[in-house]
Amino acid sequence: MEIVIVSGKGGTGKSSVAAALASLSGDVVLADCDVDAANQYILYKPQEEEFEAFTGSREALLDRTRCDNCMICIEYCRFDAISLTEGQVCISPIFCDGCGLCAKVCPGEAIVMTEHRNSMLVSASFRYGRMVFGKLAPGEENSGKLVSLVKEKARQLSFYGQKSDIIIDGPPGIGCPVIASIVGADRVIIVTEPSVAAIKDMERLLSLCSSIGLNTGVLINKSDLDREKQNEITDLCHKEGIHIHGKIPYDPMFVDAMVHCRSICEWVPGSGTVSVLRDIHRDIFNGR
Amino acid sequence: MKLAVASGKGGTGKTFFAVNIFYSLISAGKCAILLDCDAEEPNAALFVGGEQAGFDKVCLDIPVIDKEKCLYCSKCSESCYYNAIFIIPTSSIIRVIEELCHGCGVCNYVCDNDAIGKKEKPLGYVVNYVLDNGARLIETRMDVGVYSPVKLIRAGVAAAKGASLVIMDSPPGSSCPFIHTVAGADYVVLVTEPTPFGLSDLRQSISVLRQLNKPFGVVVNKAGIGDSAIYDYLLGEDIALLMEIPFKREIAEYCARGELFAVQDIEFRKQLLAVFGKIYRNYGDRDRKR
Ligand code: SF4
Ligand code: SF4
Ligand code: SF4
Ligand code: SF4
């Protein structure tokens, strides 16, 4: 079974919940698809085994000796990445999307496209199975490509779900990286919290998941933060026919566990929160 | 001056800081615009409210293939860096995968048979709000199913152009959407929390800001939870710690209800203004000061 944990808004405890579910599973492939801010390897300090370089993006580089400032490239670039600065044509690496059009239109062949290969796909072992994560080089574009690679690797390691379950810690937002992380999953679990912002994000994620036709459930973290908002979430889910896997009250032990590089299930195994998490784990994986 | 509020990790309190410093500034009589660049999850309006006063639709030019003219030469598909054109020449199948298309125009350029035209694909909106006291909120809002918020962010930044004081709520993370937001800022406030995850994501953001040569400082939110590693890091790297906001359940509850803590707590408002004053003195718009 392949499940993806997402949250829209950050800070709802998505990664901590994903980590907890992994330690309750015992033998999983944990895929950290939050490649912008990969956190699972910090918590689990896995044994890194295999590295694959990944071409994140490319950009246009100008050879000034060949450029005669004809400005044709400026006219064509749809990302406004090329401009005339102090009489000279300049390409902004920030705004360049790497499409390659300028290199094609330049009559003097003054522009070459260069690729960045400094992002990494890492496969590793940790105490509850295997782990796959991406390390996006700072400033690289997270186009969802690396997310797809992380996921494909996780599927290979689990023999496409035959050998073990896959738990995916998904990226924030609703754009390309999220879409790449959720397509093809058996279940998407949205970790939300009773706050105005988290509820709005949950609604946007729900509409994204239903437009792709995914099986989606909700988990309410910090459920006792605001009673009214909690009811709002339950009402909304009932109306949409979305299953609620459980409610976890606010528990500072999540952070305490993180500081000690443990999942909450390892840090305070006997606590009420962990027993709630056990029920949730059962609810998710037995409903397969 | 344009001040961007960002955070590597989501949920550290970036929007919380942005809306509260914005409120503090306008209640102190400053004329400011709040620009919500978190187009995937725009939430600032929940906190500052306001009356909607018009919006602009943002579109992307994407290709349309005229099958009458197409000779299935595959040139367009081979030239598309984003793999957005699907073609099986032997079966006369050609299709633009709109979700993947970046609207770059390479295919239009390479097609020798004039078989590719253009159409507009909506990406989302730039929405204007007017608040009670005449201040403005500009919100970027991406449609569900769109691959990237970058074009919307740029449209939002363009809409706020010329304003003397803009507070930008940046998208989370440290990749493109973040970069396109901070590219237009004079100073970046990074909001983080004192946990191992917070520290790791902060480092990532800082390495990007250093590459971009942007001045920045750090606000530690939820101080009191986690550990002290973040302070050691800031000290070691000689990075400005602008402010600490203690973790209080009360603050979390205010946020949950969509209320501004700075409205209630005058002391907090004063602290935010002091932080702003310090930044403004060093990085504020020199031309305007003269
Ligand atoms: S590669 Fe594309 S985006 Fe980059 S400068 Fe050239 S035309 Fe513009
Ligand atoms: S098209 Fe080529 S020669 Fe002309 S300005 Fe651009 S880079 Fe220079
Ligand atoms: S416009 Fe660019 S991205 Fe879109 S299909 Fe054409 S070549 Fe590909
Ligand atoms: S380049 Fe033009 S003619 Fe060739 S396959 Fe594409 S649309 Fe058809």
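Only a predicted model underlies this, so the values are computations on that prediction, with no experimental measurement involved. (Residues numbered from 1 in each chain as written. Chains lettered and ligands numbered in written order. Predicted model: local features only at pLDDT ≥ 70, side-chain atom pairs only at ≥ 80, totals over all residues. Heavy atoms only, no water.)

*Asks:* Tell me about the domain arrangement of chain B, residues and numbers included.
*Replies:* The domain architecture assigned to chain B consists of domain 1 (2-32 + 163-289) and domain 2 (59-121). Taking the mean C-alpha position of each, domain 1 of chain B and domain 2 of chain B sit 43 Å from one another. (Domains from an automatic or database assignment.)

*Asks:* Give me the pattern of salt bridges: which residues, what numbers.
*Replies:* A full pass over the atoms with the stated rule returns 22 salt bridges over all chains. Linking R130(A) and E49(A) is a salt bridge whose minimum nitrogen-to-oxygen distance equals 3.2 Å. Of this pair, R130(A) sits in strand β9 (residues 129-135) while E49(A) is found in strand β3 (residues 47-54), placing the two residues 81 residues apart along the sequence. Judged by its relative accessible area of 27%, R130(A) falls in the partly exposed class. With a closest N to O distance of 3.8 Å, K118(B) and D61(B) form a salt bridge. With K118(B) in strand β6 (residues 116-130) and D61(B) in strand β3 (residues 51-65), the pair connects residues that are 57 residues apart, well separated along the chain. (Salt bridge = Lys/Arg side-chain N within 4 Å of Asp/Glu carboxyl O. Helix = DSSP H or I, 4+ residues; strand = E, 2+ residues; numbered from the N terminus. Buried < 20%, exposed > 50% of the residue type's maximum accessible area, 1.4 Å probe, protein only.)

*Asks:* Run through the site of ligand 4, naming residues and quoting values.
*Replies:* Taken together, 13 residues lie near ligand 4, and C70(B), C73(B), C76(B), C111(B) and N113(B) sit nearest. Class assignment for the residues of the shell around ligand 4 results in 10 nonpolar, two polar and one charged. (Near = heavy atom within 4 Å. Nonpolar A, V, L, I, M, F, W, Y, C, P; charged D, E, K, R; others polar.)

*Asks:* Break down the nonpolar core for me, citing the residues and quoting the values.
*Replies:* Counting 112 residues, the largest nonpolar core has I182(A) and L190(B) as the members making the most contacts within it. Of all the elements, helix α7 (residues 196-212) of chain A adds the most residues to this core, at six residues. In this structure, I182(A) is in contact with V4(A), V6(A), K151(A), V188(A), L208(A), C209(A), I212(A) and L214(A), ignoring residues within four places of it in sequence. Formed by 43 residues, the second largest nonpolar core is a distinct cluster that contains F17(B), F47(B), M243(B) and I251(B). (Core = buried A, V, L, I, M, F, W, Y, C linked by side-chain atoms within 4.5 Å. Contact = heavy atoms within 4.5 Å.)

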